[in-house]
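Residue-level listing of the chains:
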Amino acid sequence: MLTYPYRVGRVELLLVEGDITKVSADAIVNAANPEVEHGGGVAFAIGKAAAGCAKEYTKISQEELRRRYGEGRLAPGKVLVTPPMRLAEHGVRAVIHTVGPVCRGTWNDDHARALYAAFAAPLEEAERRGFASIAYPAVSAGIYGCPFERVVETFAAVVRDAGHRLASVGSVSLVLRERDKVKRAREILDREK
Ligand code: ADP
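All values reported here derive from a predicted model rather than from experimental measurement. (Residues numbered from 1 in each chain as written. Predicted model: local features only at pLDDT ≥ 70, side-chain atom pairs only at ≥ 80, totals over all residues. Heavy atoms only, no water.)

Help me out: how do you make sense of the confidence of the model for the protein in this one?
Atomic detail in the predicted coordinates should be set aside for any region of low pLDDT. Summary statistics for the protein give a mean pLDDT of 97 and a share of 100% for residues scoring 70 or more. Scored by ipTM, the complex comes to 0.98, with pTM at 0.98. (pLDDT = per-residue confidence, 0-100.)

Written out as C-alpha cells, the structure reads:
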C-alpha cells in the first residue's frame, strides 16, 4: 500500500492509500454508528472482512455493547472493542469502534469537540492495551458528512496532542481509499509540518 510517513514527536503518523480491512495494525478503528450496526460504509467493510458477514459482526458487536455498557448505544467519546476474527490473519488484534459526529455538510464547535473525542478515545484504548500501532479510517467523513479537510486536521491534532503521552503506541495511520483524498490529506499534513 502507498504510504506517506510523517513524524509527530516520537510518533510516526502514516497516511496510507488503501483499504483499511487489508491493513496490518494491532488495532483497526471502525467509524461506527451508536447502534454498532455495520450496515454501510467502512463499518460494513470491516464487519464483512472480520466475520465473513457484516450482519454476523453486528450481532457480535451489539452483544459486546450490552455486556460492556449494559445498554444498546455506544456513547460519543466511548469505545467498544471487538475481536478481529479473520482480520487476525494479517496481525490485527482488536477492532475499536468509535462514534463520530453527524455533520451533514456543516461544521461547528460541537462537531469539532465530538470528532476530537472520537479520534482520541481509540488511541487511549490502544495505549492502555499496550498496542504499538493503530489504523483509522476518515471517521465522519462519509455518510456522516463532516468536511474532509476538518476530519484530517482533527486527526492530526489528536496525534500531535497525544504524542508526548504515548509510551506504547508508536505508529498511527490514517487509511484513505481514494487517491484524490490522499492528495488533499497530504496537502494538509505538509502544511502542518
Ligand atoms: P461515517 O458514517 O463516520 O461518515 P463512513 O463509513 O460513511 O463513516 O465513511 C468514513 C470514511 O471511510 C469515508 O471517507 C469512506 O470513504 C471511507 N471508507 C469506506 N470504506 C473504506 C475502506 N474499506 N477502507 C478505508 N476507508 C473506507
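The structure having been displayed, the exposition proceeds.
Honestly, the packing of aromatic side chains in this entry has me stumped. Any pointers?
Aromatic ring pairs are reported here in terms of the distance separating the ring centres and the angle at which the planes meet. This model, assessed by the stated rule, comprises 3 aromatic pairs. Measuring from centroid to centroid gives 5.6 Å for Phe-119 and Phe-155, while their planes differ by 70 degrees, and the two rings are edge-to-face. Pair noted here: Phe-119 is in helix α3 (residues 109-128) and Phe-155 is in helix α4 (residues 148-162), with a separation of 36 residues, a long-range link. The same class applies to Phe-119 and to Phe-155, which are both buried. Relative to Phe-155, the ring of Tyr-136 lies with its centre 5.5 Å away and its plane at 70 degrees, an arrangement referred to as edge-to-face. Placement of the pair is Tyr-136 in strand β6 (residues 133-136) and Phe-155 in helix α4, with a sequence separation of 19 residues. (Phe/Tyr/Trp six-rings, centres within 6.5 Å; stacked < 30°, edge-to-face > 60°. Helix = DSSP H or I, 4+ residues; strand = E, 2+ residues; numbered from the N terminus. Buried < 20%, exposed > 50% of the residue type's maximum accessible area, 1.4 Å probe, protein only.)

Is there a simple way to explain the site of the ligand in this structure?
Around the ligand sit 17 residues in total, of which Asp-19, Val-42, Ser-140, Gly-142 and Ile-143 are the nearest. A distance of 2.9 Å separates an oxygen atom of the ligand from a polar atom in the backbone of Ser-140. Here an oxygen atom of the ligand sits 2.7 Å away from a polar atom, N or O, in the main chain of Ile-143. For the ligand, whose accessible area on its own is 570 Å², the fraction buried by protein is 92%. Its residues assigned to classes, the shell around the ligand comprises 9 nonpolar, 4 polar and 4 charged. (Near = heavy atom within 4 Å. Polar contact = N/O pair within 3.5 Å; in protein donor to acceptor, adjacent residues only side chain to side chain. Areas by Shrake-Rupley, 256 points an atom, 1.4 Å probe, with all protein chains shown as cover. Nonpolar A, V, L, I, M, F, W, Y, C, P; charged D, E, K, R; others polar.)

Whenever I open this one, the pairing of strand β1 (residues 2-8) confuses me. Can you help?
Each regular strand shows side chains that alternate between the opposite faces of the sheet. Of the pairings in the sheet, the one linking β1 to strand β2 (residues 11-17) comprises 7 bridges and is antiparallel in character. For Tyr-4, the partnering residue across the bridge sits in β2 and is Leu-15. Where β1 folds back onto β2 in an antiparallel hairpin, the turn is made up of 2 residues, including Gly-9, whose phi is positive at roughly 60 degrees. (Pairing = 2+ DSSP bridges.)

I tried to follow the side chain of Thr-98 on my own but got confused; where do I start?
When you line up the elements, Thr-98 lands in strand β5 (residues 94-99). You can call Thr-98 buried: its relative accessible area is 0%. If sequence neighbours within four positions are ignored, Thr-98 has contacts with Val-29, Asn-30, Ala-31, Ala-32, Leu-74, Lys-78, Ala-118, Pro-122 and Val-139. (Contact = heavy atoms within 4.5 Å.)

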